[in-house]
Amino acid sequence: MNATKILGTGSYVPDNIVHNKTFEKMVETSDEWIQTRTGIKSRHITLEENTSDLAYEAAKKAMASAKTNASEIDLIIVATVTGDYFFPGVAQLLQRRLKCRNIPAFDINAACTGFVYALEIADKMMKNDGYKKALIIGAETLSKFTDFEDRNTCVLFADAAGAMILGRSEQPGIEDVILHSEGDLEGLLRMESYPLKKDFKTIENKRPFISMNGRDVFRFATTVLPSVIRELLEKTHSTIEDLDLIIAHQANKRIIDKAARSLEFPRERMYLNIESFGNTSAASVPLAIDEAIKSGRLKKGMRFACAAFGAGLTWGGAIIQY
Ligand code: ACO
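Residues numbered from 1 in each chain as written. Predicted model: local features only at pLDDT ≥ 70, side-chain atom pairs only at ≥ 80, totals over all residues. Heavy atoms only, no water.

(A) Region of the structure containing unusual backbone geometry. In this chain, F87 is followed by P88 through a cis amide linkage whose omega measures 0 degrees. Mapped onto the elements, P88 comes out in the loop between β4 (75–79) and α4 (90–98). One non-glycine residue, K67, lies in the positive phi region at around 50 degrees. Residue position: K67 is located in the loop between α3 (51–65) and β4. A positive phi angle, close to 50 degrees, is found at H237, a residue other than glycine. Mapped onto the elements of the fold, H237 is located in the loop between α7 (214–235) and β11 (245–248). The exposure class of H237 is exposed, given its relative accessible area of 74%. (Helix = DSSP H or I, 4+ residues; strand = E, 2+ residues; numbered from the N terminus. Buried < 20%, exposed > 50% of the residue type's maximum accessible area, 1.4 Å probe, protein only.)

Structure representation (structure tokens):
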């Protein structure tokens, strides 16, 4: 069998915890509204560490859990929309800090679906091109681009990193990955860049921020989350009963509840950690996978699905045997 298997995982969040009450003093909101409408109670927001710092800490933990040293890694892919720099990528910063050798290392941008895109790219590069051990990461410092005067977004987003070491195996691992993107919906969720200037010499001070049509993204998410799981089940000739756990992007507890109802899947087998972390974009799925493993919810031999959706709009999922 030519399979790609999870050899180890790790995650990291900054120490600084921000509770809902903090936002009551900043915008017109309440702890009660945030908890009932999103499921979030608190989140981690970075004060000093940048995306590559979070990614580095998560990567070290994943390497330790996979008993893998830097010289063995032959591919690094980082899913992020909040790199330390526009260039170089977070992947290169990590490569330097981990002291990896000359190998392919690159960032990808598929917003909250980024980690699922990274899984597919790594899986196919390993199966087709012979790479043996890949480090894939979802890492974000969304707080850099959050408008803390906009109550529609500031209570949702947060910072984290999740990492995974993938290796070649004779045992079943990643069974299938499905990716989607619908560019017609790109205007629903954006992180602005610096605006074009009429006079190229002018230096503008406008900061780029995240903007979102929450209601439409919510509607979209509750449709595509169950639909991509159904697609995966069909492609792998399995049924929903064959899944031990579903790990979905943690954007809103109500989206996860609705997906469970739509799939007729036991709610307690839909992983949920949004309460303590908020929406950490590309970090959300690998952070949840790592937590599920460390807490014993995801055990060796179990079969789980992960799925995500986000700006683009993009969405996708995977079925994996751990
Ligand atoms: N506190 C109090 N009221 C608020 C807040 C807040 N923090 N935020 C919005 N409201 C208000 C709105 O202004 C609106 O008021 P109005 O009726 O006077 O206009 C009211 O609450 C209801 O607004 P809705 O948008 O309908 O609120 P909803 O219950 O849908 O919750 C939310 C909003 C949480 C944003 C929800 O729509 C959601 O989770 N959407 C999906 C977001 C998402 O999944 N993003 C994923 C991708 S992230 C990425 O790719 C980086």
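(B) Geometry of the sheet that holds strand β12 (residues 303–310). The 4 strands lie next to each other as β8-β13-β12-β11, forming an open sheet whose pairing is mixed. Pairing within the sheet leaves two strands with one partner each, and these edge strands are β8 (174–181) and β11. Each strand of the sheet is rotated relative to its neighbour by a mean of 10 degrees, with strand direction disregarded. Here β12 pairs with strand β13 (residues 314–321) via 8 bridges, running antiparallel. Across the sheet, residue A308 finds its bridge partner in β13, namely G316. (Pairing = 2+ DSSP bridges. Axes fitted to C-alpha atoms, helices over the stretch in contact; angles between N-to-C directions.)

(C) Geometry of the site of the ligand. Among the 26 residues in the neighbourhood of the ligand, the closest are listed as T29, R37, C112, R215 and N252. Interatomic distance of 3.0 Å between a backbone N/O atom of G214 and a nitrogen atom of the ligand. Within the complex, 78% of the 1,000 Å² of free accessible area of the ligand lies under protein. Because more than half of its atoms lie within 2 Å of the grid, the ligand is assigned to the second largest pocket. Those elements giving two or more residues to the shell around the ligand turn out to be α2 (31–38), α6 (151–154), α7, α8 (253–263) and β12. The biggest single contributor to the shell around the ligand is α7, with 4 residues. Of the residues assigned to the shell around the ligand, the class counts are 14 nonpolar, 7 polar and 5 charged. When residues of the shell around the ligand are sorted by domain, at least three fall in each of domain 1 (3–171) and domain 2 (176–321). (Near = heavy atom within 4 Å. Polar contact = N/O pair within 3.5 Å; in protein donor to acceptor, adjacent residues only side chain to side chain. Areas by Shrake-Rupley, 256 points an atom, 1.4 Å probe, with all protein chains shown as cover. 1 Å grid on protein atoms, 1.4 Å probe; cavity = no way out; pocket = protein on both sides within 12 Å on 5 of 7 lines; lining within 4 Å. Sits in = over half its atoms within 2 Å of the grid points. Nonpolar A, V, L, I, M, F, W, Y, C, P; charged D, E, K, R; others polar. Domains from an automatic or database assignment.)

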